[in-house]
Amino acid sequence: AVSPPTLFLGIRFLLAGTLLLAWAGARGELRGRIPWLTLAWLGVLNQGGYQGLAWNAMAQPLSSGLANVIASTAPIVVAALAVPLLGERLTLRRVLGLALGFAGVAFLVRHRIAVTGESALGVALMIGSLAAMVAGTIAFKRVSPTAPLMVVVGAQQLAAGAALLPLGLALEDPASMQVGVQFVAAMAWQIGVVSVGALMLWFLLLRRGSAGSATALHFLMPPVGLIMGWAILGEPLGATDLLSIVPIAFGIWLATRVEAGPSQGR
C-alpha cells in the first residue's frame, strides 16, 4: 500500500472537490443560492462514511470479493427503506427479492468467515460502509439539493476530504506514505476516473431516476468482484461462493424490477 487509507482518501477528496468547484466557478455555476450546508453533510455521509469505512475494511484481512458482495446488497436495503421513506410500494415480488438477497449474503458472509478466515472487523466495517451508502442515497433523494451537478459532486467531496484528512492525521502515520510514481498514478486514477467520472455519473443517475433503479447497478458487483479477486489477486473462489451469487443477484433483480413502471405490482 502506498498510503494509509484515510489519509489517501482525505487528500483525494480535497483535491477532487477543489478541482470540480474551480471548474464549476469557471463555468459560472457558483452563482445564486447553493445549499452548501446540505451538500456538506451529504458529502460526509455519502463519501466520507461510505468510502472511508470501505477502504479501512479492505485494510483488514478481508477479500475484495466478499467486500463487493456486501456492497452489492445496497439495492436490497434501498428497496426496503424506499417503502416508508420514499413512499414506494411494497409488493410480494419485492418482499421475495429482499428475503432471497439477505439470505444469500448472510450465507456467503458466514461461509467466508468460517472457511477462508475473513476478518470479522473487516465485515463489520463493510456493513457500516453499506449503511452509510444507503443512508446517503435515501437522504439525497429526499433532500434533492438544487445546484449544478458539478457543484453537487464537488462540494460533497470537499466536505468529505475536510472530515477525513484530520481523522487520518490523528489516527494514521503520515510518514508511512510512499509518495512516488505509484502514489501519483493511483491518486490521478482515483480523482480523474472515480471522483470525477464515476461519481458524476452516479449522482446524475440518482437525479434522473429512482434510488432503487440507480442502485440496481450494484447487482453486477458480486460476480465481477469475486471473479476479479480470484483472477487478479489470487483470492480463493469455490463452488459455494459462486452458488451464493444466484440468490443474491436474483433477489436484487426481483426487489428492484418493480420500479419499471405503473404496472409494477402486477
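The structure this text deals with has already been given above.
Each chain has its residues counted from 1, following the order in which its sequence is written. At least 70 in pLDDT is required for a residue's local features to be given in this predicted model, at least 80 for side-chain atom pairs to be given and counted, and no such filter applies to totals for whole chains, interfaces and linings, which use all residues. Working from all heavy atoms in the structure, the side-chain values ignore hydrogens and water.

## Considering the packing of helix α2 (residues 36-58) against helix α6 (residues 120-143)
Axes here refer to lines fitted to C-alpha atoms; in helices the fit is confined to the stretch in contact. Angles between the N-to-C directions go from 0 to 180 degrees. Counting from the N terminus, the helices are DSSP H or I runs at least four residues long and the strands are E runs at least two residues long. Between α2 and α6, the least distance of the axes is 8 Å, while the angle of their chain directions is 160 degrees. Considering the angle they form, α2 stands roughly antiparallel to α6. α6 is crossed by α2, and the crossing has left-handed handedness. When its residues are assigned to classes, the contact of α2 with α6 shows 15 nonpolar, nine polar and no charged. We call two directions roughly parallel when the angle between them is under 35 degrees, roughly antiparallel when it is over 145, roughly perpendicular when it lies between 65 and 115, and oblique otherwise. Note on convention: near helix rotated counterclockwise from far helix by under a right angle means a left-handed crossing. Clockwise means right-handed. Under the grouping applied here, Gly and all other residues not named as nonpolar or charged are polar, the nonpolar ones being Ala, Val, Leu, Ile, Met, Phe, Trp, Tyr, Cys and Pro and the charged ones Asp, Glu, Lys and Arg.

## A look at the nonpolar core
What makes a nonpolar core is a set of buried Ala, Val, Leu, Ile, Met, Phe, Trp, Tyr and Cys residues whose side-chain atoms join them at distances within 4.5 Å. For the exposure calls, accessible area comes from a 1.4 Å probe over protein chains only, and a residue counts as buried if that area is under 20% of its type's maximum, exposed if over 50%, partly exposed in between. L62, L66, I70, M126, L130 and V134 are the most contacted members of the largest nonpolar core, which totals 25 residues. Counting residues per element, the ones that place at least two in this core are α2, α3 (64-71), α4 (74-86), α5 (92-116), α6 and α11 (239-257). Considering each element in turn, this core owes the most residues, seven residues, to α6. Judged by nonpolar contacts, the second largest core, of 24 residues, contains F8, A155, M177 and V196.

## Observations regarding the packing of aromatic side chains
When we look at a pair of aromatic rings, we describe it by the centre distance and by the angle of the planes. By convention, a stacked pair of Phe, Tyr or Trp rings (six-membered ring in the case of Trp) has centres within 6.5 Å and planes under 30 degrees apart, an edge-to-face pair has planes over 60 apart, and any other such pair is tilted. Here the structure, examined in full by the defined rule, presents two aromatic pairs. Centre to centre, the rings of F8 and W55 are 5.5 Å apart; their planes meet at 20 degrees, and the pair counts as stacked. Separated by 47 residues along the polypeptide, F8 in helix α1 (residues 5-26) and W55 in helix α2 bring together distant segments of the chain. On the basis of relative accessible area, F8 is assigned to the buried category, the value being 4%. Residue classification places W55 among the partly exposed positions, given a relative accessible area of 26%. A ring pair is formed by F8 and F183, whose centres lie 5.6 Å apart and whose planes are at 80 degrees; its orientation type is edge-to-face.

## Considering a nonpolar patch on the surface
A patch consists of residues exposed above 30% relative accessible area that lack any salt bridge, with like charges linked at up to 9 Å and nonpolar side chains (Val, Leu, Ile, Met, Phe, Trp, Tyr) linked at up to 5 Å. Computed with a 1.4 Å probe, the accessible areas rest on the Shrake-Rupley method; for each residue, only the protein chains presented here act as cover. Salt bridge, as applied in this entry: a Lys or Arg side-chain nitrogen positioned within 4 Å of an Asp or Glu carboxyl oxygen. On the surface, L37, W41 and V143 cluster together into a nonpolar patch covering about 320 Å² of accessible area. Within the secondary structure layout, L37 lies in helix α2.

## What to know about α4
Taking 1.5 Å of rise per residue, the 13 residues of α4 would be expected to cover 18 Å, yet its terminal C-alpha atoms sit only 16 Å apart, more than 12% below that figure. For α4, the principal kink sits at A80 and spans about 30 degrees; a proline, P84, occurs within the next four residues. Looking one or two residues past α4, G87 carries a phi angle of roughly 75 degrees, positive in sign. The span you would expect from a helix comes to 1.5 Å times its residue count less one. Axes are fitted to the seven residues ending at a residue and to the seven starting at it; the angle between these axes is taken as the bend at that residue.

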